[in-house]
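As a plain string of letters, each chain reads:
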Amino acid sequence: MKLRKIILRKIRAHLRGFYRTILSLIMACGDHDLTLQNFDDYTEDEVFAEVTGISEEQFRFLRDGGDYVDAETGETKHFDGHLFDEVVFNNSIQEFLSKKEALSNYFDESVYEDIFDYIPAQKTNQIYTPKSVVKHMVDDLEDNNPGIFDDPNKTFADLYMKSGLYITEIVKRLFRSEKMKQLYPDDGTRIKYILENQVYGFASTRIIYLIATNYIFVFNDEIKRNVLGVHFKERDTAEYAKNGTLEQLVQDEFGGE
């Protein structure tokens, strides 16, 4: 009985951790066809385990049940599963996706929140910088480099991407520059030029890479296909910074200045 209680406590702990990470997985991989029953089909096995702390096999066991061997008696027993409320789970997915779509236009300055306000802090290094802080950072960049967003030859990089908010704030400043508007009067042409020529980024893990790039390119899959793996890459830059080779990494991966 004591062993059973210990196991149950471990299961509950795993579930609490899992519930905290669901929104990150939806942000990275989800669409409106996502449900409890196909949740494990949407994510790469390694990403699922890294983010949730449980394997997809363990998730299916908790969801669907199955046979297991009792560690105390050696008997084969059956677990019914159904630890998740399917209706609540599915409704929560759709509610989050609807909120994500409502906040997807990061050019809309009348919206003061963003979708990352709805994602709880993770046990991994997925800590999202608030939008207000990001704006302040970019304001400081512009104050110290007047006219920096008027030059189509300037390039910008986020070497430690988490959400993609920093890159999107850079994109907005470039897009709204009067000089850039003169050079590229058509909105579509201007945003395409900016995303394909002026912004770069590194993400330390697969899940962060998916979240950030999905947010940055939410409105244009064609541009996203053109630059993923070229301007935006999965690299743990913290290690390169520690050993003094970060600048070389940037040159090797992106070239130019």
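Residues numbered from 1 in each chain as written. Predicted model: local features only at pLDDT ≥ 70, side-chain atom pairs only at ≥ 80, totals over all residues. Heavy atoms only, no water.

Trainee: Tell me about the overall build of the protein, residues and numbers included.
Mentor: Secondary structure assignment for the protein yields 12 helices and five strands. The buried share of the protein, reckoned over its 257 residues, is 43%. When the accessible surface of the protein is summed, it comes to about 14100 Å², and 49% of that surface belongs to carbon and sulfur atoms. (Helix = DSSP H or I, 4+ residues; strand = E, 2+ residues; numbered from the N terminus. Buried < 20%, exposed > 50% of the residue type's maximum accessible area, 1.4 Å probe, protein only. Areas by Shrake-Rupley, 256 points an atom, 1.4 Å probe, with all protein chains shown as cover.)

Trainee: If you had to explain the pattern of salt bridges to someone new, which residues and values would you point to?
Mentor: For the structure on display, the rule yields 19 salt bridges. Two residues, Asp-40 and Arg-60, come together in a salt bridge whose shortest N-O distance is 2.7 Å. With a gap of 20 residues between them, Asp-40 in the loop between α1 (2-29) and α2 (45-52) and Arg-60 in helix α3 (residues 56-64) connect regions that are remote in the sequence. A residue is classified by how much of its surface remains accessible, and Asp-40, at 6% relative accessible area, is buried. The shortest N-O distance in the salt bridge between Glu-44 and Arg-206 comes to 3.1 Å. (Salt bridge = Lys/Arg side-chain N within 4 Å of Asp/Glu carboxyl O.)

Trainee: For the environment of Val-227, give the residues involved together with the corresponding values.
Mentor: Positionally, Val-227 belongs in helix α10 (residues 221-227). According to the relative accessible area criterion, Val-227 is buried, its value standing at 2%. Note: C-alpha distance between Val-227 and Tyr-200 (27 residues apart in sequence) is 9.0 Å. The contact partners of Val-227, leaving out residues within four places of it in the chain, are Leu-195, Glu-196, Phe-217 and Phe-232. (Contact = heavy atoms within 4.5 Å.)

Trainee: Please provide a residue-by-residue account of the sheet that holds strand β5 (residues 232-234), values included.
Mentor: Reading across the sheet, the three strands line up as β3-β4-β5 and stay open at both edges, with parallel pairing between neighbours. Edge positions in the sheet fall to β3 (156-161) and β5, since each has one partner strand and no second. Between one strand axis and the next, the sheet turns by 10° as a mean value, whatever way the strands run. As defined by bridge partners, β3 adjoins strand β4 (residues 199-203) across four bridges and the pair is classed as parallel. By the bridge assignment, Ala-157 is partnered in β4 with Tyr-200. (Pairing = 2+ DSSP bridges. Axes fitted to C-alpha atoms, helices over the stretch in contact; angles between N-to-C directions.)

Trainee: Residues and numbers for the nonpolar core, please.
Mentor: Counting 60 residues, the largest nonpolar core has Phe-18, Ile-26, Phe-39, Phe-116 and Phe-232 as its most contacted members. Counting residues per element, this core draws most heavily on helix α9 (residues 206-216), which supplies eight residues. Phe-18 has contacts with Phe-39, Phe-48, Thr-52, Ile-54, Phe-59, Phe-84 and Phe-89, leaving out every residue within four places of it along the chain. Counting residues in hydrophobic clusters, the runner-up holds seven residues, among them Tyr-200, Phe-202, Leu-249 and Val-250. (Core = buried A, V, L, I, M, F, W, Y, C linked by side-chain atoms within 4.5 Å.)

Trainee: Give me the pairing of strand β2 (residues 76-79): which residues, what numbers.
Mentor: Taken together, the four bridges between strand β1 (residues 66-69) and β2 define a ladder with antiparallel strand orientation. Looking at β2, one finds that Tyr-68 is bridged to Lys-77. Adjacent in sequence and paired antiparallel, β1 and β2 are bridged by six residues, among which Gly-74 carries a positive phi angle near 80°.

Trainee: Give me helix α8 (residues 187-197): which residues, what numbers.
Mentor: Residues of α8 that are buried: Arg-190, Ile-191, Tyr-193, Ile-194, Leu-195 and Glu-196. The secondary structure elements touched by the buried residues of α8 are α6 (165-176), α7 (178-183), β4, α9 and α10.

Trainee: Describe the packing of aromatic side chains, listing the residues and the values that go with them.
Mentor: Centre distance and the angle of the planes are the two values used to describe a pair of aromatic rings. What the rule picks out here adds up to 19 aromatic pairs. Ring centres of Phe-39 and Phe-89 lie 5.5 Å apart, and the angle between their planes is 85°; this geometry places the pair in the edge-to-face category. Of this pair, Phe-39 sits in the loop between α1 and α2 while Phe-89 sits in helix α4 (residues 86-102); the two residues are 50 residues apart in sequence, bridging distant segments of the chain. Comparing Phe-39 with Phe-89 shows no difference in burial state: the two are buried. Look at Phe-217 and Phe-232: their rings are 5.5 Å apart centre to centre, the planes differ by 85°, and that puts the pair in the edge-to-face class. Of this pair, Phe-217 sits in the loop between α9 and α10 while Phe-232 is found in strand β5, placing the two residues 15 residues apart along the sequence. The same class applies to Phe-217 and to Phe-232, which are both buried. Taken together, Tyr-106, Phe-107, Phe-116, Phe-175, Tyr-215 and Phe-219 form an aromatic cluster joined through their ring pairs. (Phe/Tyr/Trp six-rings, centres within 6.5 Å; stacked < 30°, edge-to-face > 60°.)

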